[in-house]
Amino acid sequence: MRSNLAGPRLLLRRLREVMAEPIKAQERLDKIVVLIASNVVAEVCSVYILRADGVLELYATEGLNRDAVHKASLRVGQGLVGLIAAEARPLNLPNARAHPGFAYLPETGEEAYNSFLGVPILRAGRTLGVLVVQNKSHRTYLEDEVEALQTTAMVIAEMVAAGELEAISQKDTGLDLSRPIHAPGIALADGVGLGHVVLHEPRVVVTNLIAEDTEAESARLEAAINRLRLSIDDLLASGEIAATGEHRDVLEAYRMFAYDRGWIRKIEEAIRNGLTAEAAVEKVQSDTRARMLRQTDPYLRERLHDLDDLAHRLIRELMGRQHGSAGDELPQDAIIVARNMGAAELLDYGRDRVRGLVLEEGGATSHITIVSRALGIPMVGQVEDIVSLADAGDAIIIDGEAGEVHLRPAVDVENAYAEKVRFRARRQAQYRRLRNKPSVTKDGAEISLQMNAGLLVDLPHLAEAGAAGVGLFRTELQFMVASSFPRMREQQLQYEQVLDAADGKPVTFRSLDIGGDKVLPYLRSIQEENPAMGWRALRLGLDRPGLLRTQIRALLKAAAGRELKLMFPMVAEVEEFIQARALVEKEIKHLRRHSHETPETIRLGVMVEVPSLLFQMDELMEHVDFISVGSNDLFQFFCAADRGNTRVADRFDTLGVGFLRALQRVVVAANRAHVPVTLCGELAGRPLEAMALIGLGYRDLSMSPASLGPVKAMLRTLDAGRLSARLLPRLEPGHPQTDIRDLLKRFAAETDVAL
């Protein structure tokens, strides 16, 4: 039911005039409550603002005792005002005192009032306060009046967000929007970063809230929705999207929401009430987000992300903005905050300015995590709702060791972490002092510690960390950061520079591993139900031999007169490696036929990361020069646990008996055949796990540069023979199941191993 009032449009026009006046914040708030009271024919209008300590403080009132301003307060959940803040939804009561949640504040003098209407002051779904009107008569407020309060609440929310009310807040009591937040997650890449938030996909800030011409705004909305629908329809109709699969499901959800009349009707209603089209979209989405955040159903929470994305797309359409890009200017201490992102997107940022990465998703062995570790960027994943909680420019601390994020940290927290950074710097200095020390265990076992790399800028770490060589050079990173497919000459130049920078130390190149979640933007990708186990890596290379042969030729020419070590990923059958070796031999003949110098020695190997190879080890050893265990993929395939799926990525332990037996099978077969074996997955870079690998018999490990120091410190205090004697019997069939992780920790404590 609607009233015959002038309604929200007239109220907004008058609000615009008040907002334009050069007056102080308290005076502006006082004028706003008077304006609202007269517009909705209310005897009382009050504004409560949420403080950082969880208290709703009366900031302005018309009709109640003005001496109570900045004195009267309620906790979230206390009284009707506290209930609105807790549930983020309006409350419309003809007899407020009869409600079980009613709480009387004697200092306000509100005992004479019966009817009550309150709405939350929302921004991006966060409750910043409550706006209330009251009357002595018993009445239910009409729809127009509810709309008037909700639209006015948006204006007040922008005042809070702009910091205008900070000047009138009580001493030592900040507002909730600037409240320090401790957000737990999981540690993905070690390190501590202090800096300021950079949103990977920045929210477009809507500053023009009040419409001049509602008909023109409705026309803008219609045109923007049509463009949005058309772009989604075109994507779904194109051959680039598979008929089934996750990508299509997401776009289908977008299309469903984009054509939902209920959603559009709410936005149109907000425009009719005097908001601009973009402000109307923001209002409707903020209301929806506040409601859905209180749902416990994971499906509904996931749909909230879809709605958020769609609303942001529509706002960008209305404002003529494109997605924010990594090319935008970064602060010197950027902490990137995102729902999720690809490895190539991280590489787009200037790495000298990035101090950390925070994701709402992300797993320990996802590619973005691997790249982050390789770049030495601290990273925390699975931080719930961090994108909505953070604003661009907010101070933030990321603890990649404890898996914690501190948003807008208090001074004492900031000081504590500054000291932690200094302590880590001293510890890193100790590790640097170890770089020229021999990598030998207490009982004389020599362990070769190499580093993983993927870009030329990684190579200075080789000398800095004292690595014995590059055990894994991921060649696909060059392709992922390029705007078009690198030509043979470009690839050759890159590989020459890598070998030059290595200065005689061995470098093991991995052939192109694209496909799956590593998509090249300029290469048409095939959508698959399960891309990690689909058309990727060597499978793609053998089916598209032109790509693989170009890379092989570039590597052969780059290594002319030197050693070339090349391994092939995602090999499931020995025959696949035989085919790859044949391509290498064909390219060698081609180069020699045209009088090109070839490498002095060529060693070809396989990455053991598909479990089927575990049962072909003896046959494989007859054909390879070396093998390298890719523990990340091997573990995900071994346990059928997608490393990019946060629900299962950490379900199984990499130190479980079954997986350790698989790793033992590899090293035993390699040693029996006198074939060199390296383990180059993330497993090697964690001291406890590296200790287990040494106990199994591995003597060559490759890891991120930042892990070399801690692992070297560990192994120099380790008695490898004593460890093997303790560990290996526990892996024998028939032995009672043992918690290997606990066993290793107890062994380290007993023998003073530096973990």
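In this text the structure is predicted, and so the values were computed from the model without any measurement. (Residues numbered from 1 in each chain as written. Predicted model: local features only at pLDDT ≥ 70, side-chain atom pairs only at ≥ 80, totals over all residues. Heavy atoms only, no water.)

*Asks:* Account for the overall build of the protein chain, with residues named and values stated.
*Replies:* Helix and strand counts for the protein chain come out as 26 helices and 22 strands. The buried share among the 755 residues of the protein chain stands at 54%. When contacts within the protein chain are restricted to residue pairs at least 6 apart in sequence, long-range pairs at least 24 apart make up 67% of them. (Helix = DSSP H or I, 4+ residues; strand = E, 2+ residues; numbered from the N terminus. Buried < 20%, exposed > 50% of the residue type's maximum accessible area, 1.4 Å probe, protein only. Contact = heavy atoms within 4.5 Å.)

*Asks:* Give me helix H8 (residues 277-292): which residues, what numbers.
*Replies:* Between the first and last C-alpha of H8 there are 22 Å, a value that for 16 residues agrees with the 22 Å anticipated at 1.5 Å per step. Among the 16 residues that make up H8, 13 are buried, leaving the element largely enclosed by the rest of the structure. (Expected span 1.5 Å × (residues − 1).)

*Asks:* Pulling in residues and values, what's your account of the sheet that holds strand S9 (residues 192-199)?
*Replies:* Strand order in the open sheet made by the eight strands is S7-S14-S13-S9-S10-S11-S12-S8, with mixed pairing throughout. Because the sheet does not close on itself, it has two edges, and the strands there are strand S7 (181-184) and strand S8 (186-189). With direction set aside, neighbouring strand axes in the sheet form an average angle of 30°. On top of the sheet, helix H13 (residues 411-434) reaches S9, strand S13 (395-399) and strand S14 (404-407); it is set at about 120° to S9, its chief contact. (Pairing = 2+ DSSP bridges. Axes fitted to C-alpha atoms, helices over the stretch in contact; angles between N-to-C directions.)

*Asks:* Give me the sheet that holds strand S4 (residues 91-93): which residues, what numbers.
*Replies:* The strand order across the open sheet built from six strands is S3-S2-S1-S6-S5-S4, with neighbouring strands paired in antiparallel fashion. The open sheet has two edge strands, strand S3 (73-75) and S4, and neither has a second partner. Adjacent strand axes in the sheet meet at a mean angle of 20° when their direction is disregarded. Its contacts with the sheet place helix H2 (residues 25-39) against strand S1 (44-50), strand S2 (55-62) and strand S6 (126-135), and it is angled at close to 70° to S2.

*Asks:* Give me the lowdown on the confidence of the model for the protein chain, citing residues and values where you can.
*Replies:* Per-residue confidence for the protein chain averages 85 on the pLDDT scale, and 89% of its residues sit at or above 70. In this model, residues 323-327 is a region of pLDDT below 50 whose contacts with residues beyond four sequence positions or in other chains number seven contacts. (pLDDT = per-residue confidence, 0-100.)

*Asks:* Requested: an account of the packing of H2 against helix H4 (residues 143-161), with residues and values cited.
*Replies:* With their axes 11 Å apart at the nearest point, H2 and H4 run at an angle of 175° to one another. When the axes of H2 and H4 are compared, the pair comes out roughly antiparallel. Taking contact as the criterion, the partners of Ala-25, Arg-28, Leu-29, Ile-32, Ile-36 and Asn-39 in H2 are, on H4, Ala-148, Leu-149, Thr-152, Ile-156 and Met-159. Looking at the contact of H2 with H4, its residues break down into eight nonpolar, two polar and one charged. (Parallel < 35°, antiparallel > 145°, perpendicular 65-115°, else oblique. Nonpolar A, V, L, I, M, F, W, Y, C, P; charged D, E, K, R; others polar.)

*Asks:* Would you mind going over the pattern of salt bridges in detail, with residue names and values included?
*Replies:* All told, the structure shown has 33 salt bridges when counted by the stated rule. Across the salt bridge formed by Glu-164 and Arg-28, the nearest N and O atoms sit 2.7 Å from each other. Taken together, the residues Glu-164 in the loop between H4 and S7 and Arg-28 in helix H2 connect sequence positions 136 residues apart. For Glu-164, a relative accessible area of 23% corresponds to the partly exposed category. (Salt bridge = Lys/Arg side-chain N within 4 Å of Asp/Glu carboxyl O.)

*Asks:* An account of the nonpolar core is requested, with residue identities and associated values reported.
*Replies:* Core analysis: the largest hydrophobic core is formed by 96 residues, its most contacted members being Phe-509, Ile-627, Leu-663, Met-691, Tyr-698 and Leu-701. The greatest single-element share of this core, amounting to nine residues, is contributed by helix H22 (residues 657-672). Setting aside residues no more than four positions away along its own chain, Phe-509 makes contact with Phe-473, Thr-475, Tyr-495, Val-498, Leu-499, Leu-555, Leu-564, Lys-565, Leu-566 and Met-567. Counting 68 residues, the second largest nonpolar core, distinct from the first, contains Ala-42, Cys-45, Leu-128 and Val-281. (Core = buried A, V, L, I, M, F, W, Y, C linked by side-chain atoms within 4.5 Å.)

*Asks:* Could you give an account of the environment of Pro-409, with specific residues and numbers?
*Replies:* By secondary structure assignment, the location of Pro-409 is in the loop between S14 and H13. Linking Pro-409 and Asp-394, residues 15 residues apart in sequence, is a C-alpha distance of 9.4 Å. For Pro-409, the contacting residues outside a window of four places in its chain are Pro-180, Ala-395, Ile-396, Ile-397 and Glu-414.

*Asks:* Can you break down the side chain of Glu-278 residue by residue, with the values?
*Replies:* Mapped onto the secondary structure, Glu-278 falls in helix H8. The class for Glu-278 is buried, based on a relative accessible area of 7%. Every residue in contact with Glu-278, bar those within four places of it in the chain, is listed here: Val-206, Asn-208, Glu-217, Arg-220, Ile-315, Leu-318 and Met-319.

*Asks:* Talk me through unusual backbone geometry; I want residue IDs and the actual numbers.
*Replies:* For Ala-537, which is not glycine, the phi torsion reads 55° and is therefore positive. Considering the arrangement of structural elements, one finds Ala-537 in helix H17 (residues 537-543). Classification of Ala-537 by relative accessible area gives buried; the value is 3%.

*Asks:* How would you explain empty space enclosed by the protein if you had to name every residue and give the values?
*Replies:* Here the structure, examined in full by the defined rule, presents six cavities of 30 Å³ or more. Lining the second largest cavity are 15 residues, with Val-81, Phe-102, Ala-103, Glu-110 and Phe-116 positioned closest to its centre. Listed by contribution, the elements that provide at least two residues to the lining of the second largest cavity are S1, helix H3 (79-87) and S6. Element by element, the count of residues in the lining of the second largest cavity is highest for H3, at three residues. Here the residues of the lining of the second largest cavity are counted per class, giving 11 nonpolar, three polar and one charged. (1 Å grid on protein atoms, 1.4 Å probe; cavity = no way out; pocket = protein on both sides within 12 Å on 5 of 7 lines; lining within 4 Å. Points joined across faces, edges and corners; volume = space filled by probe spheres on them.)

*Asks:* Which residues make up the packing of aromatic side chains, and what values do they have?
*Replies:* Within the structure shown, the criterion is met by five aromatic pairs. Centre to centre, the rings of Phe-635 and Phe-659 are 5.0 Å apart; their planes meet at 70°, and the pair counts as edge-to-face. Separated by 24 residues along the polypeptide, Phe-635 in helix H21 (residues 631-638) and Phe-659 in helix H22 bring together distant segments of the chain. The pair Phe-635 / Phe-659 is uniform in exposure class, with both members buried. One aromatic cluster in this structure is built from Phe-473, Tyr-495 and Phe-509. Over the aromatic face of Tyr-259 sits the side chain of Arg-229, whose NZ or CZ is 4.5 Å from the ring centroid. Positioned over the ring face of Phe-626 is Lys-565, at 4.8 Å from the centre of the ring. (Phe/Tyr/Trp six-rings, centres within 6.5 Å; stacked < 30°, edge-to-face > 60°. Lys NZ or Arg CZ within 6 Å of the ring centre and 35° of its normal.)

*Asks:* How would you sum up helix H25 (residues 720-727)? Please name residues and give values.
*Replies:* Along H25, the residues classified as buried are Ala-720, Leu-723, Ser-724 and Leu-727. End-on view of H25: buried residues confined to an arc of 100°, all on one side of the axis. For H25, the elements touching its buried residues are helix H23 (687-696) and helix H26 (740-751). (Arc of directions from axis to C-beta.)

*Asks:* How would you summarise the environment of Leu-679 if you had to cite specific residues and measurements?
*Replies:* If you trace the backbone, Leu-679 turns up in strand S21 (residues 677-679). C-alpha separation for the pair Leu-679 and Tyr-698, spaced 19 residues apart in sequence, amounts to 7.6 Å. Residues contacting Leu-679, with those up to four places away along its chain left out, are Val-629, Ser-631, Leu-663, Ala-684, Leu-693, Tyr-698, Asp-700, Leu-701 and Ser-702.

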